[in-house]
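# Commentary on secondary and tertiary structure
One letter stands for each residue in the lines below.
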Amino acid sequence: MAGRRIQFSRLLSLCTISIFRGVTSNIDDGVFDETNFNRFDGLYRLSHDQFSQSYNAPLHPVENRFWRSPENLGEVSGVAVEPTGNLVIFHRGDRVWNYDTFNKNAEYQEKYRGPIRDNTVLTLDSETGDIIRGWGNQTFYLPHGIHIDSFGNIWLTDIALHQVFKYSPSGVLQLVLGERFEPGSDVEHFCQPTSVAVLPSGEIVVADGYCNNRLILFDERGNPKYTIGESWITLRIPHSLTILPNQQVCIADRENWRIVCLDVTFSGLNRNLEPPYSIRHQQFGRIFGIASYHGFIYAVNGMTPRNIQIKGFTIDPTNQNVTGFWGPESSSFTTPHAIAVCPYGRALYVSEIGPNKVWKFDLTRFN
């Protein structure tokens, strides 16, 4: 272990770089700070050119009234969609996160209960919501995030275990990152990691979320490359991740009430880095979940002071503006936590924690 730490220290020392703070765009009612935009107009124009012309019109989520969320779920902390289009959810069974769940050192206080007995990973039929299969019983303690990569591998985070897991599409464990029940702030440890995203290159981005307020980039084999934290950008609970077509990673920076997009990869220490940028809106509040399709971001907020309405947002990251609002028509959101988009653009899903349910929205075009 000591040898590994020395190796990691040498690796990180090679990757030490001086990086500037990100540019922040303050958006109110869809109007952003033109001073900042003009300053980096060339940068955004370049990014826009990387999107297909077909991406210019976002799809609009409309509630699917025929969908039925499964009953008797625990807190549905994560949702993701398989390449085939079926939904996969990550739920907490009989576990609830409250003030006594962790001590002041972020150490889990309910290990004595053992792992959750129920299947925590459930695949749902995309048309009906019926449970097709389940697994993950006697494995997890407090589920949080789920991500499915382009090969169908399932990535999970457990905030009690302080670990990240990679499973094959059939549920076979392939990779574990982090130390079991050991919170920490070095590259071998996480502290309540929230979300994972896998870049087309195979590199792994982990939002190390509730305690460390940072991202960690790993290579495709799970070897740490470097940490993205205070020296680059200040985050307050990076809660969810999504990847744009230009390979920028966007973050639901929950307690900063914004979305941050940035390039997390480096081809070398001499690379001319593009600055991160922030997207804000006066109706955002605390952004809990984000997903993307064809260059547009879909986001949901959650309970926020100041009586900000809970809703969904459609966002154009190229122009940094909100292009639409959406939500259920039959009722209303209560406590949204996660969001996922079908890879073929047919549907969008939102999970809630209390009530423990999943909404389905059909993605349509305005006439």
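Note that the structure is predicted; figures quoted are calculated from it, not measured.

Strand order in the open sheet made by the 4 strands is β3-β4-β5-β6, with antiparallel pairing throughout. Strands with a single pairing partner mark the edges of an open sheet, and in this sheet they are β3 (76-81) and β6 (131-135). For this sheet, the mean inter-axis angle between neighbouring strands, taken without regard to orientation, is 20°. Of the pairings in the sheet, the one linking strand β5 (residues 121-124) to β6 comprises 4 bridges and is antiparallel in character. Paired with Leu-124 across the two strands is Ile-131, which belongs to β6.

Let us look at the environment of Cys-250. With respect to the helices and strands, the residue Cys-250 is situated in strand β16 (residues 249-253). When the C-alpha positions of Cys-250 and Pro-317 are compared, they lie 9.2 Å apart, and in sequence the two are 67 residues distant. Not counting the four nearest positions on each side in its chain, Cys-250 is found in contact with Ser-240, Leu-241, Thr-242, Leu-244, Ile-259, Val-260, Cys-261, Ile-290 and Ile-297.

Here we come to the packing of aromatic side chains. Summed over the entire model, instances satisfying the criterion amount to 19 aromatic pairs. Each ring, one from Phe-90 and one from Phe-140, has its centre 5.2 Å from the other, and the planes form 85°; the classification is edge-to-face. Here Phe-90, found in strand β4 (residues 87-91), pairs with Phe-140, found in the loop between β6 and β7 (143-148); they are 50 residues apart in sequence, far enough to count as distant. Over the ring of Phe-181 we find Lys-111; its NZ or CZ atom is 5.0 Å from the centre of that ring. When the ring centre of Trp-359 is taken as origin, the NZ or CZ atom of Lys-357, which lies over that ring, is 3.6 Å away.

With respect to the helices, strands and loops of the structure, Thr-84 is situated in the loop between β3 and β4. When the C-alpha positions of Thr-84 and Ser-126 are compared, they lie 9.5 Å apart, and in sequence the two are 42 residues distant.

Criteria and cut-off values
- Residues numbered from 1 in each chain as written.
- Predicted model: local features only at pLDDT ≥ 70, side-chain atom pairs only at ≥ 80, totals over all residues.
- Heavy atoms only, no water.
- Pairing = 2+ DSSP bridges.
- Helix = DSSP H or I, 4+ residues; strand = E, 2+ residues; numbered from the N terminus.
- Axes fitted to C-alpha atoms, helices over the stretch in contact; angles between N-to-C directions.
- Contact = heavy atoms within 4.5 Å.
- Phe/Tyr/Trp six-rings, centres within 6.5 Å; stacked < 30°, edge-to-face > 60°.
- Lys NZ or Arg CZ within 6 Å of the ring centre and 35° of its normal.

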